Amino acid sequence: MDLPERVHVRTTINGQAQEFLVPPYMSLLDTIREIAGLTGTKEGCLDGNCGACTVDIDGRIVDSCLVLGAEVDGQSITTVEGLATKDGLHPLQQAFLEEAALQCGICTPGFLVASKGLLDNEPNPTEGRIRHWLAGNLCRCTGYDKIVRAVQKVAASS
Amino acid sequence: MVQTFDPKSDYKVVGTRPIRHDGLDKVTGRAIYGGDVKLPGLIWAEVLRSPHAHARIKSIDTSEAEKAPGVFAVATNADFPEPRSGEIDTGEDVVNFERDTKNILAKDKVLYKGHAVAAVAAIDRNTALEATKLIKVEYEPLPPVRNVDEAMADNATILLEDLVGDHLGEDVPHTNIARQFRHEFGDLDRGFAEADLVIEKTFTLQMVHQGYIEPHNATAIWDESGHVTAWSSTQGMFAVRDQTAGMLRIPESQVTVHPVEIGGGFGGKTKVYLAPVAAILSKKSNGRPVKMIMDRNAVFEASGPAPGGKIIVKMGVTNDGKITACASDLMYEAGAFPGSAVGAGAICIYGCYNIPNSRIDGFDIVVNKPKSAAYRAPGSPQAAFAIEQVVDEICDQKGWDKIQFRLDNASQEGTRRGDGVMFGKIGLIETLEATRDSDHWKSPLEPSTNGKLRGRGIASGYWMNGGNKSTVDLMLQDDGTVVMNEGSADIGGTRASIAMQAAEVLGLPAEDVHPFIPSTDSIGFTATTGGSRTTYATGYAAWEAANKLIAEMSNRAAVLWGIDASGVEFDAGKFSSSADPELSISFKDLAARIGDTGGPLSSTASVNLAAAGAGYAVNICDLEIDPETGKTDVIRYTAVQDVGKAVHPSYVEGQIQGGAAQGLGWALNEEYFISDDGSMANHTFLDYRMPTSLDLPMIECILVEVANPLHPFGVRGVGEVPLAPPLPAAANAVKDAIGKRMLDLPIKPGRILEALAE
Ligand code: FES
Ligand code: FES
């Protein structure tokens, strides 16, 4: 069988420079999961309606299933695996644990990345603002109550 | 014999809120879910699905797909061995392998749009998907049966030609009604004659989906020795084992299922759709591991939603507020094959009321929609939607207090349930009283200032909860911690709630019991996480295993001290001699001496609990409606529930809040919108609109603890009953807001505008 055409991509994922050959049709989600091997970013719908695949591209919150791997050449990506540092968990990760803001946990990587995107720019959002910002991320387990509280807790302590 | 307890209410670990053991992996992206499984030589499979809701399959030609570059194998229903026919008890579930194999790969007929017809394994996912398009299927389209009315019509198109219906014990061929059953007590005619007011209403409901965010997935290897190894997102790894073995007709010992994290289930991940197909494709690909992930359209169109249907409730009451009689007909859509939740719906419909004269008729009806599956308190939310609105209507017409009426007619210990079972110790009255005393109920609804219409609704709900089989193994470590193996899938914190019960007995902090869920070959049989059974039954096994471990450790302390084991006591983390106060050793110190007192220690306990303690919930819903657009916003919500004993209150609240959110979605928005051709028109999350964070307020929870005497800590299952009251609570609030009773779900803006225009 002929090898399909590949696109050469240089990018930074969680601070590490990376280089890939990706099929032109491959989503960024699959590129991250299957080529970079980072499976923390989840697949929920593949059509931009659940937010499980949320990543940060150069400070923008994006559904990675709606972006092609080939499009991120020269850009910098942060996934859930990039939130904790060698000094420990990101305050949002800690707050999600303490506030029981996850049940099954499949939506959690997306919510963490999206929440970080909010707090990086707006350290003190109102409850309404948090709910509005996170409306692109579906959670079917929690009813959002404890997720919103976890984000509020981090906002209050910043 | 059923053992009973007189649980205390104060504990050291039970009732606290430690960080869950599996939390770190889940906030760092390290946790391995089914979709994350990677194996050497892994290939992918995709499924070709029916474009028709109902059609005869005239031929399937897979030859082009088989020849396509990168393709390893193609599977159709013909690859299954001849299935065992009839209903088979796997010890887990009663299953019909003939129908189940036809459901996961169609034979002769497709019965719903999205019905799987063939599967292709290829070098990667995209190649597999492209190759499915090379399969040629010739269909003869048939008229679709889209709802229970069409299914029950005299000249109805018949879905399953070989189905013989059981109609009140009579065999009936050529029917779409797979079963009609009846529960009847007292004298219904006399009961209605005694009533001063009789209200009868007919309700219609649409299918809804559990909406778990993680799609179904499975990875399987069928190796040269004949052994199948599978990884799958499931609520029950033993169910995957038994159903895969059953469909492939190999012994259960030839199937090993490895647990993976599960991204939500709510009942929908009790069914097996992919693992047997992946196994067949693996065998045809020389034992390569084959991975499958359903796309979201397929999850909607071809997994197991909750039944829609029609419910008629007729209730009679006297002028002094007593129910005299109630008659109900529950017509539930089973989907393409028999087996809806109508049996459970019938058990639940009168769960909150003491009704002297009653009848319930249940109908299990096949229609051209996906085969329904469990969804949180399966059958009960639909039943609650109907009966709780009839109760509300009676109170409205009579001007009665809605909590007092429920208290005056409440089920309690000794009340007969609608199907004849007598209630044990239940907490409905305490739950109603806590609702009456809540800040929410005591704060009158403020009139709106923005022209919107406000209303408040209240409703109750019931779920019987489950017991069943569970196994827990404990292994004492030299450092004084304990490893705990258990067989229950952890959907939302049960590793923690089970480990905490062991820790309570062992006198350890929760963090010192390390929970693991090993494969089906490494732990005793444990039934599926469902029926709100896990914290109750697997927790019970943990309690028993921990007591055994303490007994063994007491023996070792006796060896150490040269005394009789009967003289060793254990309290507050210390073993001591009852005769000699000088002889005392901590749990940790004794653990360090286990090696020289006889070798490593472990304990195991298996339970099979016939009964569970029932769950009750009462919800209050305040909402406001925009009369211009018909849009409804919930502005305050309180859920009150008897939880027996909350082992980890945060996760109990989480269950309640999640149930309320799902219930409000079901009430106000969610439905399978079925087109004329029988297909689901809204099979994406964009069009099947589940509540987002923006659609909901905080959900206030009030945990009532009426200890369950069947459990050492008084635990009751908590996960399912939260979904029963929200549908009617929202409907009753809409009635309060607009003065019109909404009998059809969902109560969407268009329906509200129509009601306002009347
Ligand atoms: S997988 Fe990308 S939004 Fe759902
Ligand atoms: S925790 Fe399960 S979907 Fe959010």
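Each value, and the rule that gives it
Numbers given for residues are sequential positions, taken from 1 along each chain in its written order. Ligands are numbered from 1 and chains lettered from A, in the order in which they are written. Totals for whole chains, interfaces and linings use every residue, but because this is a predicted model, local features are given only for residues with pLDDT of at least 70 and side-chain atom pairs only at 80 or more, for both listing and counting. With hydrogens and water excluded, all non-hydrogen atoms of the structure serve as input to the side-chain values. Strands here mean DSSP runs of E at least two residues long; helices mean DSSP runs of H or I at least four residues long; both are numbered from the N terminus. In this treatment the radius of gyration is a C-alpha quantity, and the globule benchmark scales as 2.2 Å times the residue count to the 0.38 power. Two strands are counted as paired when DSSP detects at least two bridges linking them. Helix axes are fitted only over the stretch in contact, all axes being lines through C-alpha atoms; the angle between N-to-C directions runs from 0 to 180 degrees. The contact definition used throughout considers only heavy atoms, calling two residues in contact when any of these lie within 4.5 Å. Burial status follows relative accessibility: with a 1.4 Å probe on protein chains alone, a residue under 20% of its type maximum counts as buried, one over 50% as exposed, and anything between as partly exposed. In protein, a polar contact means a hydrogen-donor-capable atom and an acceptor-capable atom, both N or O and within 3.5 Å, with residues adjacent in sequence counting only if both atoms are side-chain atoms; elsewhere, any N or O pair within 3.5 Å suffices. Each reported salt bridge corresponds to a side-chain nitrogen of Lys or Arg within 4 Å of a carboxyl oxygen of Asp or Glu. The split into domains, and so the bounds of each, comes from an automatic or database assignment of domains. Here the buried area means the combined drop in accessible surface, using a 1.4 Å probe, for two parts upon being joined, counting both sides. The arc in question is traced by the directions running from the helix axis to the C-beta atoms.

(A) Summary view of the overall build of chain A. Each helix and strand counted, chain A has five helices and five strands in total. Counted from the first residue to the last, chain A has its helices and strands arranged as β-β-α-β-β-β-α-α-α-α. What you see for chain A is a C-alpha radius of gyration of 16 Å, in line with the 15 Å of a compact globule of 158 residues. With the principal axes as the frame, chain A shows a C-alpha extent of 55 × 30 × 25 Å.

(B) Here's a closer look at the sheet that holds strand 9 (residues 164-167) of chain B. Residues and elements named next belong to chain B. Taking strand neighbours across the sheet as the criterion, the seven strands line up as 10-9-11-19-18-17-12 in an open arrangement whose pairing is mixed. Across the chains shown, the open sheet's two edge strands, defined by having one partner strand only, are strand 10 (170-173) and strand 12 (197-205). Strand-to-strand, the axes of this sheet are offset by a mean angle of 15°, without reference to chain direction. Sheet topology note: the strand 9/strand 11 (residues 177-185) ladder contains two bridges and is parallel. From the neighbouring strand, Asp-166 faces strand 11, where its bridge partner is Arg-179. Packing of helix 11 (residues 380-398) onto the sheet brings it into contact with strand 12, strand 17 (309-317) and strand 18 (323-335), and relative to strand 12 it is tilted by some 145°.

(C) How the structure looks around the side chain of Thr-526 of chain B. Residue and element names in this part refer to chain B. Along the chain, the position of Thr-526 falls in the loop between strand 23 (513-516) and helix 16 (534-561). Given a relative accessible area of 1%, Thr-526 falls into the buried group. There is a polar contact of 3.1 Å between the side chain of Thr-526 and the backbone nitrogen of Thr-471. A polar contact is formed between the side chain of Thr-526 and the backbone oxygen of Gly-524, at a distance of 3.2 Å.

(D) Region of the structure containing the interface of chain B and chain A. Residue-level contacts link 60 residues of chain B with 49 residues of chain A. The interface formed by chain B and chain A includes five salt bridges. Across the pair Lys-146 of chain A and Glu-653 of chain B runs a salt bridge, and its minimum N-O distance is 2.6 Å. Summed over the shared surface of chain B and chain A, the number is 24 residue pairs in polar contact (both at pLDDT 80 or more). Elements that contribute at least two residues to the side of chain B that touches chain A include exactly helix 1 (23-28), helix 4 (125-132) and helix 18 (649-668) of chain B. In terms of residue count, helix 18 of chain B provides more of the side of chain B that touches chain A than any other element does, nine residues in total.

(E) Main features of the domain arrangement of chain A. All names here are of chain A. Here chain A is described as being made up of domain 1 (7-82) and domain 2 (91-157). Summed over both sides, the interface of domain 1 with domain 2 buries roughly 970 Å², with 65% coming from carbon and sulfur. Run the count over domain 1 and domain 2 and you get zero salt bridges. For the side of domain 1 that touches domain 2, the element with the highest residue contribution is strand 3 (residues 54-57), accounting for three residues.

(F) Structural context of helix 3 (residues 97-104) of chain B. Residue and element names in this part refer to chain B. Every buried residue belonging to helix 3 is among Phe-97, Thr-101, Lys-102, Asn-103 and Ile-104, and all of these are buried. Those residues of helix 3 that are buried are in contact with strand 4 (88-89), strand 5 (94-95), strand 7 (116-122), helix 7 (237-248) and helix 8 (275-284). Structurally, the start of helix 3 carries an N-cap: the backbone nitrogen of Glu-98 is 3.2 Å from a side-chain oxygen of Asn-96.

(G) The pairing of strand 24 (residues 568-571) of chain B, seen in detail. Residues and elements named next belong to chain B. Relative to strand 25 (residues 574-577), strand 24 runs antiparallel, the two sharing four bridges. Opposite Val-568, over in strand 25, you have Ser-577 as the bridge partner. Here strand 24 folds back onto strand 25 in antiparallel fashion, the turn holding two residues, of which Ala-572 has a positive phi close to 50°.

(H) Unusual backbone geometry, seen in detail. All names here are of chain B. The step from Leu-745 to Pro-746 runs through a cis peptide bond, and the omega angle for that step is -10°. If you trace the backbone, Pro-746 turns up in the loop between helix 19 (726-738) and helix 20 (749-757). Backbone geometry at Ser-532 places phi at a positive 55°, although glycine is not the residue there. Residue placement: Ser-532 occurs in the loop between strand 23 and helix 16.

(I) How the structure looks around the pattern of salt bridges. Residues and elements named next belong to chain B. Summed over all chains, the structure comprises 57 salt bridges over all chains. As a salt-bridge pair, Arg-241 and Asp-242 come within 2.8 Å of each other at their nearest N and O atoms. Of the two residues examined, Arg-241 and Asp-242, each falls in the buried class. Among the salt bridges present, the one from Glu-624 reaches Arg-454, with a minimum N-O distance of 2.9 Å. One end of the pair, Glu-624, is in strand 28 (residues 615-625); the other, Arg-454, is in strand 20 (residues 453-463), with 170 residues separating them in the sequence. Each of Arg-20, Asp-22, Lys-26, Glu-261, Asp-490 and Arg-495 takes part in a single network of salt bridges with overlapping partners.

(J) Looking closely at helix 4 of chain B. All names here are of chain B. For helix 4, the full list of buried residues reads Arg-125, Thr-127, Ala-128, Ala-131 and Thr-132. The buried residues of helix 4 occupy an angular sector of 165° when projected down its axis, which confines them to one face. Considering only its buried residues, helix 4 is in contact with strand 1 (43-49), helix 2 (63-67), strand 3 (71-75), strand 7 and strand 16 (290-293).

(K) Local environment of the sheet that holds strand 26 (residues 584-586) of chain B. Residue and element names in this part refer to chain B. With respect to topology, three strands assemble into an open sheet ordered 24-25-26, the strand pairing being antiparallel. Edge positions in the sheet fall to strand 24 and strand 26, since each of these pairs with one other strand and no more. Averaged over neighbouring strand pairs, the angle between their axes works out to 20° when direction is ignored. As judged from the three bridges shared by strand 25 and strand 26, these two strands associate in the antiparallel manner. When the sheet's bridge partners are listed, Phe-575 is paired in strand 26 with Ile-585.

(L) The arrangement of the environment of Ile-61 of chain A in detail. Residue and element names in this part refer to chain A. With respect to the helices and strands, the residue Ile-61 is situated in strand 4 (residues 60-63). With 48 residues separating them along the chain, Ile-61 and Pro-109 place their C-alpha atoms 12 Å apart. Not counting residues within four places of it along the chain, the set of residues in contact with Ile-61 comprises Thr-54, Val-55, Asp-56, Val-113, Ala-114, Gly-117 and Trp-133.

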